[in-house]
Amino acid sequence: MKDSTRGALVVAARTLVAAVCVAVVISARTPIGWGELALMLAGLGGLLAVLASYNRRWR
């Protein structure tokens, strides 16, 4: 696989994961309870994982 194709796929995958995590955080915002808090924390953890994988390249 070419480097440019691989790079585009990685960017697309990170964007998709970040969008899903943001959607989870937003959707769990309205109801109140421990389950929704856990979903929000999972979404925020996913965003941190995406950020860490992005920053790993520039280390």
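In what follows, the structure referred to is the one given above.
Worth saying up front: this structure is predicted, and the values here are computed from it rather than measured.

A.B. asks: Help me understand the packing of helix H1 (residues 3-27) against helix H2 (residues 34-57) in this model?
C.D. replies: Working note: a packed helix pair is described by the angle between its axes plus the distance between those axes. Contact pair H1 / H2: the axes reach a minimum separation of 8 Å and the direction vectors enclose 155 degrees. Relative to H2, the element H1 lies roughly antiparallel. Along this stretch, H1 crosses H2, giving a crossing that reads as left-handed. Residues Arg14, Val17, Ala18, Cys21, Val22, Val24 and Val25 of H1 touch H2, and the partners they reach there are Leu39, Met40, Gly43, Leu44, Gly46, Leu47, Val50, Ser53 and Tyr54. When grouped by side-chain class, the residues that make up the contact of H1 with H2 number 12 nonpolar, 3 polar and 1 charged.

A.B. asks: I tried to follow the layout of surface pockets on my own but got confused; where do I start?
C.D. replies: It is the rolling of a water-molecule-sized probe over the atoms that shows where space remains empty. By volume, the largest pocket amounts to about 170 Å³. Asp3, Arg6, Gly7, Val10, Val11, Arg14, Tyr54 and Arg57 together form the lining of the largest pocket. At the level of secondary structure, the elements contributing two or more residues to the lining of the largest pocket comprise H1 and H2. The biggest single contributor to the lining of the largest pocket is H1, with 6 residues. Each residue belonging to the lining of the largest pocket can be placed in one class, and the counts come to 3 nonpolar, 1 polar and 4 charged.

Reading the values: the criteria
Residues numbered from 1 in each chain as written. Predicted model: local features only at pLDDT ≥ 70, side-chain atom pairs only at ≥ 80, totals over all residues. Heavy atoms only, no water. Axes fitted to C-alpha atoms, helices over the stretch in contact; angles between N-to-C directions. Helix = DSSP H or I, 4+ residues; strand = E, 2+ residues; numbered from the N terminus. Parallel < 35°, antiparallel > 145°, perpendicular 65-115°, else oblique. Left-handed = near helix turned anticlockwise from the far one by under 90°. Contact = heavy atoms within 4.5 Å. Nonpolar A, V, L, I, M, F, W, Y, C, P; charged D, E, K, R; others polar. 1 Å grid on protein atoms, 1.4 Å probe; cavity = no way out; pocket = protein on both sides within 12 Å on 5 of 7 lines; lining within 4 Å. Points joined across faces, edges and corners; volume = space filled by probe spheres on them.

Read these as geometric descriptors, not functional statements.
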